[in-house]
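Observations on chain architecture
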Amino acid sequence: ALAHTEVLEMSKGCLCKAVQFTVSSSFPSETQPLQNKCGNHKSCPESTFAFKISSGAANVVGPSMCFENTIIMSGVKNNVGRGLNIALVNGEMSLLIFFSLPDIKLLLDFLKAIKSGTIVIVASYDDPATKLNDEARTLFTDLGSSHASKLAFRDNWTFVGAKGLKDKSPYEQHLKNEAAKNKYDGWPEVLEMEEIASASAS
């Protein structure tokens, strides 16, 4: 399991108070054969963890998530869906995946059940916002998001936050659906975020 203490603060390059992260044996064994974890451009020093997140491409190619060199969500693994793709990483369940938005109540129940200290990874596919209500947006904001309140039809969004943050997460990207700027017909270009975060207490 992923061992950790409660996540209290998050700053660029440092996920503070999140200690002793180790890859759980319950994760899928699919890893990337690149030198740096998740194929990131930067290598990870000790007491850090790597992640790489890509949003979906229009309504054709699904999003992907890599955590500590393990692909936890991708179209190839067939565990993504249209809407919001969410992975939780924590010490109790190691990995829990929720995708798409068939019912806003299911999403609300899922978000409300997140326990303190849990890392929340989000990637959009097709349309992340149409079924979001104010309560769902507030719950994402409470996880450290600065953009959940602004998400609109067919925007692209990637986000890494945590339950219990005191400040906003620095790990977030939001690209609006604007016809004049869109890369695809009706959708903005893919967002990709790769980072190394400290897993040592401060």
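Let me sum up the structure you'll find in this document.

Criteria and cut-off values
- Residues numbered from 1 in each chain as written.
- Predicted model: local features only at pLDDT ≥ 70, side-chain atom pairs only at ≥ 80, totals over all residues.
- Heavy atoms only, no water.
- Helix = DSSP H or I, 4+ residues; strand = E, 2+ residues; numbered from the N terminus.
- Contact = heavy atoms within 4.5 Å.
- Phe/Tyr/Trp six-rings, centres within 6.5 Å; stacked < 30°, edge-to-face > 60°.
- Buried < 20%, exposed > 50% of the residue type's maximum accessible area, 1.4 Å probe, protein only.
- Disulfide = S-S within 2.5 Å.
- Axes fitted to C-alpha atoms, helices over the stretch in contact; angles between N-to-C directions.
- Parallel < 35°, antiparallel > 145°, perpendicular 65-115°, else oblique.
- Left-handed = near helix turned anticlockwise from the far one by under 90°.
- Nonpolar A, V, L, I, M, F, W, Y, C, P; charged D, E, K, R; others polar.
- Polar contact = N/O pair within 3.5 Å; in protein donor to acceptor, adjacent residues only side chain to side chain.
- Salt bridge = Lys/Arg side-chain N within 4 Å of Asp/Glu carboxyl O.

**With respect to the environment of Gly75**
As for its position among the elements, Gly75 is in the loop between strand E5 (70–73) and strand E6 (83–89). Expressed as a C-alpha distance, the spacing of Gly75 and Gly56, which sit 19 residues apart in the sequence, is 9.4 Å. Discounting chain neighbours no more than four positions away, the residues touching Gly75 are Pro63 and Val80.

**A closer look at the packing of aromatic side chains**
According to the stated counting rule, one finds three aromatic pairs in the structure shown. Residues Phe140 and Trp157 carry aromatic rings whose centres are separated by 5.2 Å and whose planes lie at 85° to one another, so their mutual orientation is edge-to-face. Note that Phe140 is positioned in helix H2 (residues 134–142) and Trp157 in strand E9 (residues 156–162), a separation of 17 residues in sequence. The same class applies to Phe140 and to Trp157, which are both buried. When the centroid spacing of 5.6 Å and the interplanar angle of 10° are considered together, the rings of Trp157 and Phe159 count as stacked. A single burial state applies to Trp157 and to Phe159, both of which are buried.

**Details of the environment of Ile53**
Mapped onto the secondary structure, Ile53 falls in strand E3 (residues 48–54). Each C-alpha atom of the pair Ile53 and Met193 lies 5.2 Å from the other, and the pair is 140 residues apart in sequence. When sequence neighbours within four positions are dropped, the list of residues in contact with Ile53 reads Ser64, Met65, Ile121, Val122, Ala123, Thr158, Phe159, Val160, Leu191, Glu192 and Met193.

**Notes on the state of the cysteines**
Across all of its chains, the model carries one disulfide by this definition. Shown here is the disulfide that connects Cys38 with Cys66, its sulfur atoms set 2.1 Å apart. Taking the torsion about the S-S bond as the criterion, the Cys38 to Cys66 disulfide, at about -85°, is left-handed. Of this pair, Cys38 sits in the loop between strand E2 (14–16) and E3 while Cys66 sits in strand E4 (residues 64–67), and the two are 28 residues apart along the sequence. Residues Cys38 and Cys66 agree in their burial class; the two are buried.

**Some points on the packing of helix H1 (residues 104–112) against H2**
Packing of H1 against H2 brings their axes to within 10 Å, and their N-to-C directions diverge by 25°. When the axes of H1 and H2 are compared, the pair comes out roughly parallel. Seen from above, H1 lies across H2 with left-handed handedness. On H2, the residues touching Ile104, Leu107, Leu108, Leu111 and Lys112 of H1 are Glu135, Ala136, Leu139 and Phe140. Residue classes in the contact of H1 with H2 are distributed as seven nonpolar, no polar and two charged.

**Notes on the side chain of Glu68**
Assignment of secondary structure puts Glu68 in the loop between E4 and E5. Note on Glu68: relative accessible area 12%, which makes it buried. Reaching out from Glu68, the side chain makes a polar contact with the side chain of Lys37 at a distance of 2.9 Å.

**Regarding the pattern of salt bridges**
Inspection of the entire model under this criterion finds eight salt bridges. Arg82 is the partner of Asp126 in a salt bridge, and the nearest nitrogen-oxygen pair spans 4.0 Å. Linking Asp126 in the loop between strand E8 (119–125) and H2 with Arg82 in the loop between E5 and E6, this pair joins segments that are 44 residues apart in sequence. According to the relative accessible area criterion, Arg82 is partly exposed, its value standing at 44%. Between Asp109 and Lys105 there is a salt bridge, with the nearest N and O atoms lying 2.8 Å from each other. You can see Asp109 and its partner Lys105 sitting in helix H1, four residues apart, about one turn around the helix. Overall, Asp109 belongs to the partly exposed group, its relative accessible area being 37%.

**Regarding the environment of Lys183**
By the element assignment, Lys183 lies in the loop between strand E10 (172–175) and strand E11 (192–198). Between the alpha carbons of Lys183 and Ala58 there is a distance of 9.1 Å; along the sequence they are 125 residues apart. Apart from the residues within four sequence positions on either side, Lys183 is in contact with Pro188 and Glu189.

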